[in-house]
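Chain by chain, the residues:
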Amino acid sequence: MKPENLRSKIFLDGGDARETKTYLDSLGFLDGQTTNPSLIAKNPEARKRIERGEKFSADELLGFYKDIVQEISVLIPHGSVSVEVYADRETTAEDMLAEGRKMYSWIPNAHIKLPTTAEGLKAAHQAIAENMRINMTLVFSQEQAAAVYAATRGATKGQVFLSPFVGRLDDRGENGMSLIKNILEMYKKGDGHVEVLTASVRSLDHFLYALALQSDIITTPAKILHEWHEAGMPLAGDEFNYDSKELKPLPYQELDLARDWTEFDIQHELTDVGVEKFAADWNALIQ
Ligand code: G3P
């Protein structure tokens, strides 16, 4: 059962509806799910197909993604399911919007994931004007978080998620959890229209510290949810001591959320690498 006093929403990060069902049964709740092209590529049915030497046509692959998302949506009808548009370095805001609109019609509880690049941010601005729910992904800097806030001003609470990827910052020696802390601190000065969704969670410690920081949402792979469940679903509060080991903390930046969204420097190497990787994993499934 969902622990009392759990303030963060807990999402599963995965691309397999059977896994969703398993964790829904064992935890007794899930508040939502996030998917992405790499997770769809790891879906057991997709793996089997590739092992048989059969790839998908582009249309078949989109249909496969749609089926997965629809199955998950039925399992978590009151939660949110994030569905990610295809993007590579050539993809324009208009391309992302066209695919995002289509994906948005797949299920009633979608958040459309857009990369936090210049084109992705343009698409986000327009998506809010069209009243879509969105999840800005591949966030690695406080400046990107400020830009998302500014580009989506006017959205209602829960309409915009922001996904900073903590594990990938840790991978290069930077303390990913310090970015979560800084963004939550910065957003305290705002109106609350963007919810922070801690992503790329790799350990139970990441998960517990995100709870202690009161991240609005935490998405986590099944393995970490399993560890949390085995540990008795503990909560973490102010007393939680996160051991960041040798990781370098990211300094807090004073940024003005009232600035024009086009003025922020949102470039980040890890965002570009992340876009390329999602595109490569997706394209590897196509004939
Ligand atoms: O939630 C985002 C996630 O799927 C990426 O995780 O472990 O590939 O950095 P990871």
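Scroll up to find the structure.
Every residue gets a number counted from 1 within its own chain, in the order that chain's sequence is written. Residues qualify for local features only when their pLDDT is at least 70, as the model is predicted, and side-chain atom pairs are given and counted only at 80 or more; totals for whole chains, interfaces and linings, by contrast, use all residues. Processing note: side-chain calculations cover all non-hydrogen atoms of the structure and skip hydrogens and water entirely.

Before we go on, may I ask you to explain the nonpolar core in this structure?
Soluble globular proteins tend to bury their nonpolar side chains together. Among the nonpolar cores identified, the biggest contains 101 residues, and Val-83, Ile-112, Leu-114, Tyr-187, Phe-207, Leu-211 and Trp-228 are the most heavily contacted of them. Only heavy atoms enter the contact rule, under which two residues are in contact if any of them lie within 4.5 Å. Once residues within four sequence positions are removed from consideration, Trp-228 is found in contact with Pro-3, Leu-6, Leu-27, Phe-29, Leu-204, Phe-207, Leu-208, Leu-211, Met-233, Pro-234 and Leu-235. For our purposes a nonpolar core is just a set of buried Ala, Val, Leu, Ile, Met, Phe, Trp, Tyr and Cys residues, chained together by side-chain atoms within 4.5 Å. Residue exposure (1.4 Å probe, protein chains only): buried if accessible area is under 20% of the type maximum, exposed if over 50%, otherwise partly exposed.

Explanation requested: the sheet that holds strand β3 (residues 80-84) in the structure shown.
Sheets are built from strands paired through backbone hydrogen bonds, the pairs being either parallel or antiparallel. Spatially, eight strands are ordered β1-β2-β3-β4-β5-β6-β7-β8 in a closed barrel, and the strand pairing comes out parallel. Neighbour to neighbour, the strand axes of the sheet diverge by 30 degrees on average, direction disregarded. Where strand β7 (residues 194-198) and strand β8 (residues 217-220) come together, two bridges link them in parallel fashion. Considered in β8, the bridge of Leu-197 is made with Ile-217. Axis geometry follows a simple rule: fit a line to the C-alpha atoms, using only the stretch in contact for helices, then measure angles between N-to-C directions, giving values from 0 to 180 degrees. Helix numbers and strand numbers start at the N terminus; a helix is a DSSP run of H or I with at least 4 residues, a strand a run of E with at least 2. Running at roughly 170 degrees to β8, helix α10 (residues 204-212) makes contact with β1 (9-13), β7 and β8 of the sheet. Any two strands between which DSSP finds at least two bridges are classified as paired.

Just to check I follow, could you spell out the side chain of Ser-163 for this structure?
Residue placement: Ser-163 occurs in strand β6 (residues 160-164). Polar side-chain contacts of Ser-163 include one of 2.7 Å to the side chain of Asn-135. Each residue touching Ser-163, except ones within four places of it in the same chain, is listed here: Asn-135, Met-136, Thr-137, Leu-138, Val-139, Leu-197 and Ala-199. Nitrogen and oxygen atoms within 3.5 Å of one another constitute a polar contact, given that in protein one can donate a hydrogen and the other can accept it, and given that sequence-neighbouring residues count only through two side-chain atoms.

So what exactly am I meant to see when it comes to the site of the ligand here?
Residues are counted as near a molecule or strand when any one of their heavy atoms sits within 4 Å of it. Surveying the vicinity of the ligand reveals the residues Asp-13, Asn-36, Leu-39, Phe-165, Arg-168, Ala-199, Ser-200, Arg-202 and Thr-219. One of the side-chain nitrogen or oxygen atoms of Ser-200 is found 2.7 Å away from an oxygen atom of the ligand. For the accessible areas, the method is Shrake-Rupley and the probe is 1.4 Å, while residue cover comes only from the protein chains on display. Its free accessible area being 300 Å², the ligand has 80% of it covered by the protein chains. Put simply, Ala, Val, Leu, Ile, Met, Phe, Trp, Tyr, Cys and Pro go in the nonpolar bin, Asp, Glu, Lys and Arg in the charged bin, and everything else, Gly too, in the polar bin. Grouping the amino acids of the shell around the ligand by side-chain chemistry returns three nonpolar, three polar and three charged.

Just to check I follow, could you spell out the pairing of β1 for this structure?
Within a regular strand, the side chains alternate between the two sheet faces. For β1, the tally of buried residues reaches four of five residues, placing the bulk of the element in the interior. Pairing geometry for β1 and strand β2 (residues 32-34), over three bridges, is parallel. If you follow Phe-11 over to β2, its bridge partner there is Gly-32. Taking the sense of rotation as the criterion, the β-α-β connection linking β1, helix α1 (residues 17-27) and β2 turns out right-handed. A crossover gets the label right-handed when its path from the first strand over the helix to the second runs clockwise, viewed with the strands pointing away from the viewer.

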